[in-house]
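Descriptive analysis of the structure
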Amino acid sequence: MANFDKSDDSVVVIIGSGAGGGTLGNELAQKGVKVVCLEAGPRLTLADIKNDVGEMFMKLSWLDPRVGAGQLPAGLPAWICKTVGGTTVHWAGASLRLQEHEFKTLSTYGKVAGANLADWPISYNDLAPYYDKAEDKMGTTGTGGRPRLPGNNNYKVLEYGARKIGYSDVHTGNMSVNSADYDGRPKCQQIGFCMSGCAIGAKWSTLYTELPKAEATGNYEVRPDSMVVKINHDASGKVTGVVYVDRDGSTQEQKARIVCVAGNSIETPRLLLNSASAKFGAGLANSSGQVGRNYMAHMTGAVYAMMPGEVSMHRGTQMAGIIKDESVHKPSRGFAGGYELETIPAFGFPGFPSYAKPGGWGREYAQDIEKYRNGAGLWIVGEDLPQESNRVTLSPTVKDKNGMPVAHVYYKDHPNDTAMRNHAFRQSTALYEAAGARKVYTRMPFPSTHNMGTCRQSAKPGDGVCNGFGQTHDVKNLFISDGSQFTTSAAENPTLTIVALAIRQADYIADQMNQRSI
Amino acid sequence: MQDDFELTRRQFLKLGGDAFFLSLVLGTGLAPFARPAFAGEMKVLSDSDAKTLLAVSRTLFPHDNVEDGYYMNAVAAIDAKCESDAKTRDMVKQAIGKLNGSLGKPYAEASEAARTDLLKSMEKSDFFALAYGETLNNLYGNPEIWKMFGYEGSSVEHGGYLERGFDDINWLPQS
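What counts, and where the lines are drawn
- Residues numbered from 1 in each chain as written.
- Chains lettered and ligands numbered in written order.
- Predicted model: local features only at pLDDT ≥ 70, side-chain atom pairs only at ≥ 80, totals over all residues.
- Helix = DSSP H or I, 4+ residues; strand = E, 2+ residues; numbered from the N terminus.
- Buried ≥ 20, exposed ≤ 12 C-beta atoms within 10 Å, placed from the backbone.
- Contact = placed C-beta atoms within 7 Å.
- Rg over C-alpha atoms; globule rule 2.2 N^0.38 Å.
- Pairing = 2+ DSSP bridges.
- Right-handed = clockwise from strand over helix to strand, strands pointing away.
- Core = buried A, V, L, I, M, F, W, Y, C linked by C-beta atoms within 7 Å.
- Axes fitted to C-alpha atoms, helices over the stretch in contact; angles between N-to-C directions.
- Expected span 1.5 Å × (residues − 1).
- Nonpolar A, V, L, I, M, F, W, Y, C, P; charged D, E, K, R; others polar.
- Left-handed = near helix turned anticlockwise from the far one by under 90°.
- pLDDT = per-residue confidence, 0-100.

Scanning chain B from terminus to terminus reveals eight helices and zero strands. Listing every helix and strand of chain B by position from the N terminus yields α-α-α-α-α-α-α-α. For chain B, buried positions account for 41% of its 175 residues. For chain B, long-range pairs separated by at least 24 residues make up 69% of all intrachain contacts whose partners lie at least 6 apart in sequence.

Structure (structure tokens):
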């Protein structure tokens, strides 16, 4: 493992070690580029990962203060991680490519009132070779000749009901969870705690794949417990380094040739806004005024059904089950874009009583809780439309322990999102009833794990924050390297696309460095 | 860490986070330990108070085959909060007064329908939030109860479910 000097201004500084930052760091290190990764959270090992939902939630989550507004929970607007490996420690592993038309939503859907739709500056074909590389890197099932996972009980209920109501594109998904030993990691043992961290490393996470590989090159250093508070720049407007608070609470500056921000879609715009200066009064890379805007969280919801026999939905890979039939764009359904239906458990006890019917109580509900064994569940994830008013700003009143304003996150559904969710609730209810459900509970979103769009890619500098490589329009040695880049959310779980974009960005950065352009 | 946890829990209670996460935060430190049915004594609440709170917990989540002791863990948790915070104690005492003074007989002796209706009218109160949260977490956070209702807890030490029935469903018609 390398150990770089803080005054070394030849390094690339990457802020964050998750899907975007962790992947980008390894890709650059493999090419011989020197990388310092600053990660706000601590570094855990597999031994720290327990099969306990509550304990792992407290260990992994970003619980520093944030303010939720609109329809978000005030105390916890999003469910994302503060740990080395970022949200790849928590993610379920669903790895779906965006569809061709989803890169061109404005052209495909046309103007939608209240939505800030735009086409991505890149196409599916630009990203396709990088999707191949990402799937090989992550060992994604159902791609590259790798078999799909076997279906658990929860999947079998989903599949049966799906076929009964006429769906045909139903399988155990493209999961970055090993169906056979791969890349030095074991095959899935159907443990059932994917989202609390995979205790055996069968699920891809940068924590135990990209990071150790990067460290082995001698070109890479990750500094855990290092919270970046500001990005510095010189008189010409180029960034020169970052200010961070280390684990002892001391303020440090790391010099840099290039800075890449991958703090997830809430912290990334917060950092740019907190880096405002005399030269960049509205925040760094914000001449468009789009930093923090178009915050997307996917249209989500969950459905829990009481089946006539035992399911034990906590057994097995949590999200290895998908229905893709509704992911198409078919305006006759009354909304633009589409959605996926994916298996999800209820996260045990006290999870099931808490979330099947939030706030529920009384004899009838208690009787369903007693029949927990018979419960089956699915999660709805669909495209939500970008809205300028859905937005991350700096809280005028709340500061973190370093004295920096925290993120204020505002989000409300677009009518398109509501129409899509209602359609998904109807279809899911029909599906479970076709499989014999005695009762079906539908519930509104959990705090979002999919966060996108607050520093979006755009062809024109006035419409977004960065170009098709994630390079900011205003500052050419500053990059956005996470899901904040997404121009639109598409229907698919975002991680695979974040990884593919990071691999592509690494090629571009290395090339630009060789050409001495940055 | 303990301080962080307390801060987070207060923050959640104050800001009214999603019940999903409220339960995760409240449940921390409770969930991993199977606790036997409670058989101790109250610290600040009277036996009569405890009887009323027990009836509240049983009205919230009535499981006829679960003995009182498992619900009493929730009552004991409320008692502990009353001991550490005078405001909470006053709030709980006042609610108990209302519960016992509204039905023409002690709350615990009223019919389930009457108990349910009265509790329903108090759903927006701080007392309800406290009783609800503590019952959810102390009753359903107890691994003895998990076993009863079929949640199997940690599985990695048993090799997961690969050889233990992850796909053993037997009632679905063959499609």
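Along its length, chain A carries eleven helices and 17 strands. The C-alpha atoms of chain A give a radius of gyration of 22 Å, which matches the 24 Å a tight globule of 518 residues would have. With respect to the three principal axes, the spread of C-alpha positions in chain A is 70 × 50 × 45 Å. By sequence separation, contacts in chain A at least 24 residues apart represent 75% of the contacts at least 6 residues apart.

Here we take up the pairing of strand β1 (residues 12-15) of chain A. Residue and element names in this part refer to chain A. Burial of the side chains of β1 extends over both faces: Val12 and Ile14 are buried on one face and Val13 and Ile15 on the other. Where β1 meets strand β9 (residues 258-261), four bridges bridge the pair, whose relative direction is parallel. For Val13, the partnering residue across the bridge sits in β9 and is Val259. The sheet contact formed by β1 and strand β2 (residues 35-38) spans four bridges and is parallel. Counterpart to Val12 in the pairing with β2 is Val35. As for the winding sense of the linkage, the β-α-β connection from β1 through helix α1 (residues 19-30) to β2 is right-handed.

Our next topic: the nonpolar core. Core analysis: the biggest nonpolar cluster contains 193 residues, and Val12, Val13, Ile15, Val35, Val259 and Cys260 of chain A have the highest contact counts within it. Cys260 of chain A has contacts with Val12, Ile14, Ile15, Gly21, Leu24, Phe479 and Ser481 of chain A, leaving out every residue within four places of it along the chain.

With that out of the way, let us pick up the sheet that holds β2 of chain A. Residue and element names in this part refer to chain A. Here we have five strands laid out as an open sheet, ordered β5-β2-β1-β9-β17, and parallel in their pairing. Bordering the open sheet on either side are β5 (220-223) and β17 (478-480), each of which pairs with just one other strand. Geometrically, the sheet is characterised by an average inter-axis angle of 20° between neighbouring strands, direction not taken into account. In this sheet, β5 lies alongside β2 in parallel orientation, the contact comprising four bridges. Within β5, the residue paired with Val35 across the bridge is Tyr220.

Glancing now at helix α4 (residues 68-84) of chain B. If you check α4 of chain B, its first and last C-alpha atoms are 24 Å apart, about what 17 residues at 1.5 Å a residue would give, namely 24 Å. Within α4 of chain B the residues assigned to the buried category are Tyr70, Tyr71, Met72, Asn73, Ala74, Val75, Ala76, Ala77, Ile78, Asp79 and Cys82 of chain B.

On to the interface of chain B and chain A, then. Counting from both sides, the interface comprises 48 residues of chain B and, opposite them, 52 residues of chain A. For the side of chain B that touches chain A, the elements supplying multiple residues, two or more each, are α1 (2-15), α2 (19-27), α7 (126-140) and α8 (143-149) of chain B. Residues of the side of chain B that touches chain A, tallied by class, amount to 26 nonpolar, 18 polar and four charged.

A word on the environment of Glu144 of chain B. All names here are of chain B. In this fold, Glu144 is placed in helix α8. Given 13 C-beta atoms within 10 Å, Glu144 falls into the partly exposed group. Separated by 13 residues in the primary sequence, Glu144 and Glu157 have C-alpha atoms spaced 18 Å apart.

Each regular strand carries side chains that alternate between the two faces of the sheet. All names here are of chain A. When strand β6 (residues 227-233) meets strand β7 (residues 239-245), the two strands line up antiparallel, connected through six bridges. What sits directly across from His233, in β7, is Val239. The turn linking β6 back onto β7 is made up of five residues, and Gly237 within it adopts a positive phi angle of 95°.

The next point concerns unusual backbone geometry. Residues and elements named next belong to chain A. The omega angle of the peptide bond from Phe349 to Pro350 is 5°, so this bond is cis rather than trans. Positive phi outside glycine occurs at Ser312, with the angle close to 50°. Looking at the secondary structure, you find Ser312 in the loop between β10 (299-306) and β11 (322-323).

Take the packing of helix α8 (residues 348-355) of chain A against α7 of chain B next. The N-to-C vectors of α8 of chain A and α7 of chain B enclose an angle of 145°; their axes lie 8 Å apart at closest approach. Taken as a pair, α8 of chain A and α7 of chain B cross one another with a handedness that is right-handed. The segment α8 of chain A lies against α7 of chain B, with Phe349, Pro350, Pro353 and Ser354 of chain A engaging Leu136, Asn137 and Tyr140 of chain B. Its residues assigned to classes, the contact of α8 of chain A with α7 of chain B shows five nonpolar, two polar and no charged.

Residues and elements named next belong to chain A. Packing of α1 against helix α11 (residues 495-514) brings their axes to within 8 Å, and their N-to-C directions diverge by 35°. The handedness of the crossing between α1 and α11 is right-handed. Residues Ala19, Gly20, Thr23, Leu24, Glu27 and Leu28 of α1 pack against Thr495, Ile498, Val499, Ala502, Ile503, Gln505, Ala506, Ile509 and Ala510 of α11. Tallied by class, the residues present in the contact of α1 with α11 amount to ten nonpolar, four polar and one charged.

This paragraph deals with the sheet that holds strand β8 (residues 251-255) of chain A. Residue and element names in this part refer to chain A. Taken in spatial order, the three strands make up an open sheet running β6-β7-β8, and their pairing is antiparallel. Looking at which strands have only one partner, the edges of the open sheet turn out to be β6 and β8. Sheet twist, expressed as the average angle between the axes of neighbouring strands with direction ignored, equals 25°. As judged from the five bridges shared by β7 and β8, these two strands associate in the antiparallel manner. What sits directly across from Val245, in β8, is Thr251.

Take the environment of Gln471 of chain A next. Residues and elements named next belong to chain A. With respect to the secondary-structure elements, Gln471 resides in the loop between β16 (439-443) and β17. Spatially, the C-alpha atom of Gln471 lies 16 Å from that of Gly289, the residues being 182 residues apart in sequence. Every residue in contact with Gln471, bar those within four places of it in the chain, is listed here: Cys466, Lys476 and Phe479.

Next up on the list: the confidence of the model for chain B. Residues and elements named next belong to chain B. Overall, the prediction assigns chain B a mean pLDDT of 85, with 78% of residues at 70 or greater. Per-residue pLDDT stays below 50 along residues 1-20; that stretch engages in 30 contacts with residues further than four places along the chain or on separate chains. Scored below 50 in pLDDT, residues 26-32 shows 18 contacts in the model against residues more than four places distant or in partner chains. As a predicted assembly, this complex carries a pTM of 0.95 together with an ipTM value of 0.95.

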